[in-house]
Amino acid sequence: MDIAASTVQRTSSPPTGRTATDGRLAASAGASLAVEGVDLRFGGIHALRGVSFTAAPSRITAVIGPNGAGKTSVFNTISGFYRPTAGRVVLDGQDITAVPVHQRASRGLARTFQNIALFHGLSVLENIKLGGHHTMRAGLLQSLAHTRAARDEELALRDEVERRVIDFLQIDHLRHRPVEALSYGLQKRVELARALAMRPRVLLLDEPVAGMNREETEDMARFILDVQEEWGVTVLLVEHDMGMVMDISSHVVVLNFGEVIASGTPSQVRSHPGVIQAYLGADEEMS
Ligand SMILES: Nc1ncnc2c1ncn2[C@@H]1O[C@H](COP(=O)(O)OP(=O)(O)O)[C@@H](O)[C@H]1O
Ligand SMILES: [Mg+2]
């Protein structure tokens, strides 16, 4: 078993025009996210069995495992699409297990989807603006209760965040293009932009490089690293591309048959006998 050597290098300094940190971009950077003893059943299928792990603040944590291991189930439980039969999801010390999906965004959770979920017929900019919708609603409610100045400030902040996200992801020249005209890799980048426009404290990425070619994968890996390093956002990543996971994650959680079989640094996990067995048993290559 051999895992591809690192191809994604951290740059020593941010490109010109970016500051090292911009507190305005993240609502409150770096929340911790904990999954505690989560059980999930679908009829007779026991998809998750007492799954526990923590995504540390401002770090990249990856959840990996063979097909059917329960990765998507974990993801959907965190984002609220599935309600666990036991256990809790805790965001910065607050139990959010019972919080409805649409309210999790205002708690600071943003996600991308394994299959691109952009609105065709709308431009890149329009799609990104939809990401800020939840803060817009909060802002409007606030402005009813408070002042017009508060609303204007919220709108100006949203414009600023969108502008910086577009600049950050280097899609400025594409802002008025319809999303369906973009390549697959760029569409995935727009989806990331939309999630970032929500100013998340925790960013959930569902197979962000699935279906990408090598160059697109390296670009995306670079952007995910930048999001974590420069904005301090907590990233939880479900990914199949083992090389990419090992390159950018600080912590890796391995699932197999709905259970956590290993967790640790990439090098600890890579040499764990149970992990090697799980991947060999599933006839998948760790490459
Ligand atoms: N909505 C669902 N209904 C029934 N079974 C499901 C559902 N989602 C997942 N499962 C089952 O749960 C197990 C874990 O699936 P999943 O979380 O999709 O794994 P992974 O993402 O690691 O491939 C599988 O046995 C799968 O068939
Ligand atoms: Mg899956």
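Here is a short report on the structure shown in this document. As the structure is a prediction and not an experimental result, all values here were calculated from the model. (Residues numbered from 1 in each chain as written. Chains lettered and ligands numbered in written order. Predicted model: local features only at pLDDT ≥ 70, side-chain atom pairs only at ≥ 80, totals over all residues.)

Lining the immediate surroundings of ligand 1 are Phe42, Ile45, Ala47, Gly65, Asn67, Gly68, Ala69, Gly70, Lys71, Thr72 and Ser73. Mapped onto the shell around ligand 1, the elements with two or more residues apiece are strand E2 (45-55) and helix H1 (71-79). For the shell around ligand 1, the element with the highest residue contribution is H1, accounting for 3 residues. In terms of residue class, the shell around ligand 1 is made up of 4 nonpolar, 6 polar and 1 charged. (Near = placed C-beta within 6 Å. Helix = DSSP H or I, 4+ residues; strand = E, 2+ residues; numbered from the N terminus. Nonpolar A, V, L, I, M, F, W, Y, C, P; charged D, E, K, R; others polar.)

Let's shift gears to unusual backbone geometry. In terms of backbone geometry, most residues other than glycine have negative phi values and most peptide bonds are trans. A positive phi angle, close to 50 degrees, is found at Asp92, a residue other than glycine. A count of 17 C-beta atoms within 10 Å places Asp92 in the partly exposed class. Phi is positive for Phe257, close to 45 degrees, though the residue is something other than glycine. Its place among the elements puts Phe257 in the loop between strand E9 (251-256) and strand E10 (259-264). (Buried ≥ 20, exposed ≤ 12 C-beta atoms within 10 Å, placed from the backbone.)

By secondary structure assignment, the location of Leu169 is in the loop between helix H5 (148-168) and helix H6 (184-196). C-beta crowding within 10 Å serves as the criterion here: with 21 such atoms nearby, Leu169 is assigned to the buried category. Spatially, the C-alpha atom of Leu169 lies 9.7 Å from that of Asp219, the residues being 50 residues apart in sequence. Apart from residues no more than four positions distant in its own chain, Leu169 is found in contact with Arg189, Leu192, Ala193 and Phe223. (Contact = placed C-beta atoms within 7 Å.)

Turning next to the sheet that holds strand E4 (residues 86-91). Strands sit in the order E2-E1-E4-E5 across an open sheet of 4 strands; the sheet is antiparallel. The strands lining the two open edges of the sheet, one partner per strand, are E2 and strand E5 (94-95). Of the pairings in the sheet, the one linking strand E1 (residues 33-42) to E2 comprises 7 bridges and is antiparallel in character. By the bridge assignment, Leu33 is partnered in E2 with Ala55. Running at roughly 115 degrees to E1, H1 makes contact with E1, E2 and E4 of the sheet. (Pairing = 2+ DSSP bridges. Axes fitted to C-alpha atoms, helices over the stretch in contact; angles between N-to-C directions.)

Glancing now at the pairing of strand E8 (residues 234-238). The element E8 is largely enclosed, with a buried count of 5 among its 5 residues. Each parallel crossover has a hand, and for strand E7 (residues 202-206) linked through helix H7 (residues 214-231) to E8 it is right-handed. (Right-handed = clockwise from strand over helix to strand, strands pointing away.)

Okay, the packing of H6 against H7 next. Where H6 meets H7, the axes come as close as 10 Å, and the angle between the chain directions of the two elements is 15 degrees. Viewed along their axes, H6 and H7 adopt a mutual orientation that is roughly parallel. As for how H6 packs across H7, the hand of that crossing is right-handed. Residue-level inspection shows Gly185, Lys188, Leu192 and Leu196 of H6 in contact with H7, the latter providing Glu216, Asp219, Met220, Phe223 and Val227. Here the residues of the contact of H6 with H7 sort into 5 nonpolar, 1 polar and 3 charged. (Parallel < 35°, antiparallel > 145°, perpendicular 65-115°, else oblique. Left-handed = near helix turned anticlockwise from the far one by under 90°.)

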